[in-house]
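If you want the building blocks of each chain, they are given just below.
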Amino acid sequence: MTGGGRPDAVTPMDEARLRRAFLEEAEEMVEDLNRRLVELEQDGANAELRNEVFRLFHSLKSESALMGFTKLSEVAHRTEDVFDLVKRGTLALGRTVMDTVFAATDLINEMIARIAAGGGDAEFSVDAVIEQLERASGKTVALRVEAERVPQERREEVRAERLSVISRADRLQLEESRQRRERLYRLTCDIDDGCAMKFVRAYLITTNLEEVASVLKSIPPLDLPADGSEVSDEGYGRIVVYLSTAEDAEVIRRAADVDEVRKLELLELDYEELLGEPEAAERADRPPDAAPAPASRPARAAPERTSIRVETRKLDEIWSLVGQLVITKGRLERLLARSPAEPRGAQVGEELDSVRDTIGVVAEGLQRAMMETRMVPISVLFDKLPRLVRDLSKQIGKEADLRLRGETTEIDRSLVEALSDPLTHLIRNCLDHGLEPPEARVRAGKAERGTISVAAFQEGGKVVVEVSDDGRGLDLARIRAKAVEKGLIPVDAERPDAEIVEFIFRPGFSTADAVTDISGRGVGMDVVATRVREIMKGEVLVRSEGGAGTRFSIVLPLTLTILNTLVVRLGHRHYAIPVRNVDETAKLADPAITGSPQGRQAPHRGEQVDVYFLADLLGSAAERKDVYDTVIVTHRGKRAYLVVDELVEELDVVIKPIDDVLNPRRLFSGVSVLGDGAILLILSTTFIGD
Amino acid sequence: MATRVLLADDLSFMRMVQREILKDQGYEVVGEASNGLEAVQLFQELRPDLVILDITMPLMNGLEATKKILSVDPSAAIIICSALGQQKLIVEAIQLGIKDFIVKPFKPERLLGAISKALKQP
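Caption draft 1: Expanded view of the sheet that holds strand β1 (residues 183-191) of chain A. Residue and element names in this part refer to chain A. Taken together, the four strands give an open sheet; going across it, the order is β2-β3-β1-β4, and neighbouring strands pair in antiparallel fashion. Of all the strands in the sheet, the pair left with one neighbour each is β2 (214-219) and β4 (261-269). Taking the axes of each pair of neighbouring strands and ignoring which way they run, one obtains an average angle of 20 degrees across the sheet. In the sheet, β1 pairs with strand β3 (residues 238-245) via eight bridges, with the strands oriented antiparallel. Paired with R186 across the two strands is Y242, which belongs to β3. Where helix α8 (residues 198-210) meets the sheet, it contacts β1, β2, β3 and β4, and its direction lies at approximately 155 degrees from that of β1. Contacts from helix α9 (residues 249-256) reach β1, β3 and β4 within the one sheet, and its direction differs from that of β4 by about 150 degrees.

Next up, the structure:
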């Protein structure tokens, strides 16, 4: 394990958990830092921002030091020093200083990323950045040497324990307790020799204690073995518990005073005895006006929200169960619909119906509640944007303001990762192509600095993320010309603007002189479209507002895995069509269909639309009838009749992806396994064509 | 006023023994259940000051009964009775929130000690 030597007392399980906790906090802090630094750049005199940034670097320094990441800590430390000078007013926050601080933050971010990937900070070279920081701060800052305090002799036992047993993990917790101004106690419990289950007795004691205190450590440990085996009573005749609490000693004593406890001893300790760090030096660090900020929990301006951290794995498990419940509910409904009411008897029938309804309500409620747990505010993405815009505008050479709206809009967790790249690309596109150079803007009567707006909002079961700029809009003529060049439209064709702009989502439609890509990955607008449409099952639209700018909209469904579908029958098999692709259902008379087998059409609300027979699509013979049951499907705004044998029902399904091998003509977008084991193929409506 | 206790054990002999010990000390046995389901029902009806539950009972075991009783009244004082070798179950019960446990076969002092300490706990 890289990242500094650690005493063997920390078990591998603790290690991993500790690392995760550290990473979560560190990542949050760096994101916070990036945001604040950008704000500080605009508002350099803001004392609150300065203090905030100082605190963040300070916390990063402490936490990474505790974890043994010395290089990371050093960079944070030096940056903290720089900000110390800024706070005192002896160093101005000029451009060089800011750039240096940003560079340091980036380095810290890289190191954290490496740590998150399982590595450490040892292989990073930090000298360059440190030199930069020193130069920026105008002098060489001497490294502070932590003084080793000699522990008090009268606590010989404590000292021995500290050196051999109090590990890094414990130190972290002790620090936290100290910051919270809690009292530190060492409780010794002697259990009756005649007690038949000493381990359980000890467990009971610590469980009681946990209601009134934070139990930091117990010796011997009271962890339950992961394999569920029993713990032998040996060694549990006496337990020593370190705990911190805001309560009185009497409360602690009472909690520990259970049956079969022979003797209790409670000692109050000073933190130095266990941590060996001078508390006085810490106090001198903190700015005199600020309230003591816990080292590992920086004050956030975010709205008060009680929350707990839950492993996503646990939530995913529950989510999968909810999915199965939804399926089983569907199965119950089908069963009840099929079985005749008579043999059941009226009363049982009523009860069954009531049970079915209740399960329906509960399943839907669970689904909704689970969906909400999957929802995260889009601010997790938005927070990165100010820094992104700042860096991009430097790169591209155009200054722009970023306006964010709707940060609290919530989106499904799984979409956050997928949305990041498309969002970045759209913004880059606006900066690069959308916004004109300052002189052109002024000539056009606009403000010199362009504005890029990113807004998120929920609308009718969807989440919409809009990226717009107030630049020159899309060059429709150029796009049209390119489309003609590629043979996509005939040269003299009359096409509405709305259709022309859609072409930019095709591969090879970059109308810039130089192809720009995100970090050299060669991503174009077509990849954005593919990502949004195929992977996120959403839609991307664009509107050019002439010389006033361009607006991109990414429309995403609120949840991915549970899909609302319309089930249809063809022959003996059932197929599902996503309800979002269903406009309506209709009967279609045979005489209304005109055209050859290759291009059938029929009227629908005043216009001719294509007619498809599901049987044809699937390669079987279509049956001729006088009147057909059809579903009017839509795809990208285009409608078509889809002739089926029968409309069956509306059904919620949990989609699973379908292997390409089983799907050569891409007729299906997924498959669902029903509760009774039957397979339901989910039709993709792309056959309607573009 | 005497402390009201509810006993639950599938063995009537066991209940008799407990009843005698408790009455001797001046506790009032207000009900007896022979399975977990009954224990929960009686708890809801009688709302005793203390419940003594055996872990292994038919229809619903002591652990399940503990869960149900605590969901009805999170402050209920429950003591679990168990045989040796049921460490996991007792630990689970402790996690649920029982006040104490006693191991069979137990001496009267054990039962009384557990009860008196359990009643003192907040």
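Caption draft 2: Representation of the confidence of the model for chain B in the model. Residue-level pLDDT values for chain B average 89, and 98% of them are 70 or greater. Confidence scores differ between elements of chain B, with helix α5 (residues 108-120) of chain B showing the lowest mean pLDDT of 84 and strand β1 (residues 4-8) of chain B the highest of 95.

Caption draft 3: Highlighting unusual backbone geometry. P220(A) follows I219(A) through a cis peptide bond whose omega is 0 degrees. Structurally, the position occupied by P220(A) is in the loop between β2 and β3. The amide bond that connects K104(B) to the next residue, P105(B), takes the cis arrangement and shows omega of -5 degrees. Here P105(B) is to be found in the loop between β5 (100-104) and α5. Notably, R605(A) is not glycine yet its phi reads approximately 50 degrees, a positive angle. As for its position among the elements, R605(A) is in the loop between β15 (601-604) and β16 (607-613). Residue class for R605(A) comes out exposed when judged on its relative accessible area of 67%. In this model, R47(B) sits at a positive phi of 45 degrees, which is unusual for a non-glycine residue. Inspection of the secondary structure assignment puts R47(B) in the loop between α2 (36-46) and β3 (50-54). Owing to a relative accessible area of 41%, R47(B) belongs among the partly exposed residues under this scheme.

Caption draft 4: View of the interface of chain A and chain B. Contacts between the two partners involve 21 residues from chain A and, on the opposite side, 20 residues from chain B. Surface buried jointly by chain A and chain B totals about 1800 Å² across both partners, of which 57% is contributed by carbon and sulfur atoms. If you look at where chain A meets chain B, you find four salt bridges. The residue R201(A) makes a salt bridge to D100(B) at a minimum N-O spacing of 2.7 Å. Our count for the contact surface shared by chain A and chain B stands at nine residue pairs in polar contact (both at pLDDT 80 or more).

Caption draft 5: Quick peek at the side chain of T565(A). Within the secondary structure, T565(A) sits in strand β12 (residues 562-570). The residues touching T565(A), leaving out its near neighbours within four places in the chain, are A576(A), I577(A), P578(A), V579(A), E649(A), E650(A), L651(A) and V653(A).

Caption draft 6: Structural context of helix α4 (residues 87-96) of chain B. Of all the residues in α4(B), the buried ones are Q87(B), I90(B), V91(B), A93(B) and I94(B). When α4(B) is viewed along its axis, its buried side chains cluster within an angular range of 160 degrees and face the same direction. Packed against the buried residues of α4(B) are α8 of chain A together with α3 (62-72), β4 (78-83) and β5 of chain B.

Caption draft 7: Summary view of the pairing of β4(B). All names here are of chain B. Of all the six residues making up β4, five are buried; the element is thus mostly covered by neighbouring parts of the structure. Two elements, β3 and β4, share four bridges in a ladder whose sense is parallel. When the sheet's bridge partners are listed, D54 is paired in β4 with C81. Between β3 and its parallel partner β4, the chain crosses via α3, and the hand of that crossover is right-handed. Bridge count between β4 and β5: five bridges; the pairing is parallel. Of the residues in β5, the one forming a bridge with I80 is F101. Remark: the β4/α4/β5 crossover connection has right-handed handedness.

Caption draft 8: Expanded view of the pattern of salt bridges. Residue and element names in this part refer to chain A. Taken as a whole and judged by the stated rule, the model has 44 salt bridges over all chains. Between K384 and E31 there is a salt bridge whose closest N-O contact spans 3.5 Å. In this pair, K384 is assigned in the loop between α14 (379-382) and α15 (385-396) and E31 in helix α1 (residues 12-42), connecting sequence segments 353 residues apart. Judged by its relative accessible area of 44%, K384 falls in the partly exposed class. Taking the relative accessible area as the measure of exposure, E31 reaches 29% and is therefore partly exposed. In this structure, the salt-bridge partner of D470 is R441, at a minimum N-O distance of 3.0 Å. Of the two residues, D470 sits in the loop between β9 (462-469) and α18 (476-485) while R441 sits in helix α17 (residues 438-443), which places them 29 residues apart along the sequence. Through salt bridges with shared partners, a single ionic network connects E41, D99, D106, R387, R390 and D391.

Conventions we followed
- Residues numbered from 1 in each chain as written.
- Chains lettered and ligands numbered in written order.
- Predicted model: local features only at pLDDT ≥ 70, side-chain atom pairs only at ≥ 80, totals over all residues.
- Heavy atoms only, no water.
- Pairing = 2+ DSSP bridges.
- Helix = DSSP H or I, 4+ residues; strand = E, 2+ residues; numbered from the N terminus.
- Axes fitted to C-alpha atoms, helices over the stretch in contact; angles between N-to-C directions.
- Contact = heavy atoms within 4.5 Å.
- pLDDT = per-residue confidence, 0-100.
- Buried < 20%, exposed > 50% of the residue type's maximum accessible area, 1.4 Å probe, protein only.
- Buried area = accessible area lost by both parts, 1.4 Å probe.
- Salt bridge = Lys/Arg side-chain N within 4 Å of Asp/Glu carboxyl O.
- Polar contact = N/O pair within 3.5 Å; in protein donor to acceptor, adjacent residues only side chain to side chain.
- Arc of directions from axis to C-beta.
- Right-handed = clockwise from strand over helix to strand, strands pointing away.

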